Amino acid sequence: MTTDTMEMPVPAFAADEDTDRKICLICSKGTLDMAYPGLVLANGALQEGIETHIFFTFWGLDMITKKRMSHLKATPVGNTAMHMPQAAAPLPGMTAMATRMLKKEIDELGIPEVPEFLQQIADAGGHLWACKMSADMMDVSQDDLFEEVEDIIDVSEFMDLSADAQVIFI
Amino acid sequence: MATATLSGYEIHVDEEGFMTDPAEWSEELAGFLAHQIGIDELTEDHWKVIRFLREDHATEGTTATLRRVSTLGGIPVKQLYALFPKKPAKKMAYIAGLPKPKGCV
C-alpha cells in the first residue's frame, strides 16, 4: 500500500461523460435463457451512458409481444449445458421444470422478469424496435407489442440506425 | 490504493477515484465529491438516494445496484438517470463514498 497523497483526480467516468459510443443489439431468440443476454447487455450499456438500441427479430419478437413476453420458456432439448441426459430432455414436463428452475435462479439474483426488465431499459433511455418482416410473418401489429416499443422498422431502417454503432447479434 | 485530498479532506481512494473507507465520508464531503463529477447541487431527491445507499451498504456490505435502489429504495429508475445523468450507478456510489456497485443489473 502506498501512502502517496495527491490532489483528488476527476474520475475518468465523469470526464468521458459525452461518449459517442452506440450499441445496437439484435435479439433473435425467443427462449427465456436467450432473452436475458441481450437485456443484461443493454442495461449495462445504458448504465455506462452508451446510446443503446435493441432490434427484435424472428423469435426474438416474442420478447416484446404482449401475450408472449411473460411466458418465455427454457428447454433442455438440444441444450447439453443443462447437464441432463438428452434422451430425457424431451419428456413431458421437462420444459416446464427447466423454465421454473431458471426463473427461480434469476429471481434469486434480483434480476427482473422480461417485461419488467424491458421497462427498466426503456426508463433508462434504451430504444426498442421490432422487425417488420418478423411482425408481418407472425401477424403482429404495433398494438400487439409492448408499449415501449417505438416502431416496427424494416432492415434498411435498421441499417441507418446501426450505421455508426457496434452491433451485437444474439 | 492511494491517499487523496479534496477540499481539505484526506481520503483513501482506489485507482478510479472511489473512496475505499466508508468511515471517512461525511455529508459535507458528499457535496465536494458531487462537484467533482459535475453535479453542483445535491437536492433532497439526491439525498434520498445517497442515504439509502449508505444505510444499505452498512447492513449488506455491498453497494446497491440501480435495481435495488429502485425496488427497495423506492426511487424509480427514470429518476435515478435524471438525478445522476449518464452513469447513475457509478455516480451515486461515488458521491456516497462507497465502492462502485458490482453486478449486472
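Refer to the preceding data block for the structure.
Residues numbered from 1 in each chain as written. Chains lettered and ligands numbered in written order. Predicted model: local features only at pLDDT ≥ 70, side-chain atom pairs only at ≥ 80, totals over all residues. Heavy atoms only, no water.

## Some details on the nonpolar core
Note the following rule: Each nonpolar core is a collection of buried residues, namely Ala, Val, Leu, Ile, Met, Phe, Trp, Tyr and Cys, held together in the definition by side-chain atoms within 4.5 Å. Relative accessibility decides the category of a residue: with a 1.4 Å probe and only protein chains considered, values under 20% of the type maximum give buried, values over 50% give exposed, and everything between is partly exposed. By the criteria applied, helices consist of DSSP H or I runs no shorter than four residues and strands consist of E runs no shorter than two, each listed in order from the N terminus. In what follows, a contact means two residues having at least one pair of non-hydrogen atoms within 4.5 Å.
Core analysis: the biggest nonpolar cluster contains 75 residues, and Ile54, Phe56, Ile64 and Leu118 of chain A together with Val49, Val69 and Ile95 of chain B have the highest contact counts within it. With seven residues, the top contributor of residues to this core is helix 2 (residues 32-47) of chain A. Contacts of isoleucine 95 of chain B, omitting those with residues within four sequence positions, involve Trp25, Ala30, Leu33, Ala34, Ile37, Ile39, Leu42, Ile50 and Phe84 of chain B. Counting residues in each nonpolar core, the second largest holds nine residues, with Cys24, Phe55, Leu161 and Ala165 of chain A among its members.

## Here we look at the layout of surface pockets
Residue and element names in this part refer to chain B. Note the following rule: The definitions used throughout rest on a 1 Å grid laid over the protein atoms alone, on which a cavity is an enclosed set of points accommodating a 1.4 Å probe that cannot get out and a pocket is an open set flanked by protein within 12 Å on both sides along at least five of seven lines; lining residues are those having an atom within 4 Å of a point. Grid points are joined across faces, edges and corners, and a volume is the space filled by probe spheres set on the points. Think of it as three bins: nonpolar holds Ala, Val, Leu, Ile, Met, Phe, Trp, Tyr, Cys and Pro, charged holds Asp, Glu, Lys and Arg, and polar takes everything else, Gly as well.
The calculated volume of the largest pocket comes to roughly 380 Å³. Lining the largest pocket are 22 residues; nearest its centre among them are Thr62, Thr63, Thr65, Arg68 and Lys102. Those elements giving two or more residues to the lining of the largest pocket turn out to be helix 2 (44-60) and helix 3 (66-71). Taken together, the residues that form the lining of the largest pocket break down as eight nonpolar, eight polar and six charged. When its volume is computed, the second largest pocket comes out at roughly 300 Å³.

## Remarks on helix 4 (residues 114-123) of chain A
Taking burial as the measure, the 10 residues of helix 4 of chain A include seven buried ones, the bulk of the element. Of the positions making up helix 4 of chain A, those classed as buried are Val114, Pro115, Phe117, Leu118, Gln120, Ile121 and Ala122 of chain A. Buried positions along helix 4 of chain A lie against helix 2, strand 3 (51-56) and strand 4 (127-131) of chain A together with helix 3 and helix 4 (77-83) of chain B. In the segment just after helix 4 of chain A, glycine 125 of chain A is the residue with positive phi, at about 100 degrees.

## Side note on the sheet that holds strand 1 (residues 2-6) of chain B
Strands in a sheet are paired, the pairing made by backbone hydrogen bonds, and the direction either parallel or antiparallel. Using the following cut-off: Strand pairing requires that DSSP identify at least two bridges connecting the strands. Note on method: axes are straight lines fitted to C-alpha atoms, helices fitted across the in-contact stretch only, with angles between N-to-C directions ranging 0 to 180 degrees.
Spatially, 1(A)-1(B)-2(B) is the arrangement adopted by the three strands of the open sheet, whose pairing is mixed. In the strand order of this sheet, the two ends are held by strand 1 (5-7) of chain A together with strand 2 (9-13) of chain B, each with one partner. Sheet twist, expressed as the mean angle between neighbouring strand axes with direction ignored, is 40 degrees. Sheet topology note: the strand 1 of chain B/strand 2 of chain B ladder contains five bridges and is antiparallel. Each bridged residue has a counterpart across the sheet, and for threonine 3 of chain B the counterpart in strand 2 of chain B is histidine 12 of chain B.

## Re the state of the cysteines
By definition, a disulfide links the sulfur atoms of two cysteines through a covalent bond. All names here are of chain A. Cut-off, in case you're wondering: Cysteine sulfur atoms that come within 2.5 Å of each other are treated as a disulfide pair.
Under the defined criterion, the tally for this structure stands at zero disulfides over all chains. Note on cysteine 24: no disulfide assigned, nearest cysteine sulfur contributed by cysteine 27 at a separation of 11 Å. Here cysteine 27 falls in the buried class, since its relative accessible area comes to 1%.

## What to know about the side chain of asparagine 43 of chain A
For asparagine 43 of chain A, the position within the fold is in helix 2. Taking the relative accessible area as the measure of exposure, asparagine 43 of chain A reaches 1% and is therefore buried. Those residues in contact with asparagine 43 of chain A that sit more than four places away from it in its chain are Phe117, Gln120 and Ile121 of chain A together with Tyr81, Cys104 and Val105 of chain B.

## Considering the interface of chain B and chain A
Accessible area lost upon the coming together of the parts is a frequently used measure of interface size. Condition: What counts as buried area is the accessible surface, traced by a 1.4 Å probe, that two parts surrender upon association, with contributions from both included. We define a salt bridge as a contact between a side-chain nitrogen of Lys or Arg and a carboxyl oxygen of Asp or Glu at a distance within 4 Å. Think of a polar contact as two N or O atoms within 3.5 Å of one another; within protein, one of them needs to be a possible hydrogen donor and the other a possible acceptor, and neighboring residues in sequence only count if both atoms come from side chains.
Contacts between chain B and chain A engage 31 residues on the former and 30 residues on the latter. Taking both partners together, chain B and chain A bury about 2,800 Å²; carbon and sulfur atoms supply 56% of that area. Where chain B packs against chain A, one counts two salt bridges. Lysine 90 of chain B serves as the salt-bridge partner of glutamate 48 of chain A, at 3.0 Å between the closest nitrogen and oxygen. At the junction of chain B with chain A, the criterion picks out six residue pairs in polar contact (both at pLDDT 80 or more). For the side of chain B that touches chain A, the secondary-structure elements that each account for two or more residues are strand 1, strand 2, helix 1 (27-36), helix 3, helix 4 and helix 5 (88-95) of chain B. When the residues that make up the side of chain B that touches chain A are grouped by side-chain class, the tally is 18 nonpolar, five polar and eight charged.

These results come straight from atomic positions and should not be treated as a statement about function.
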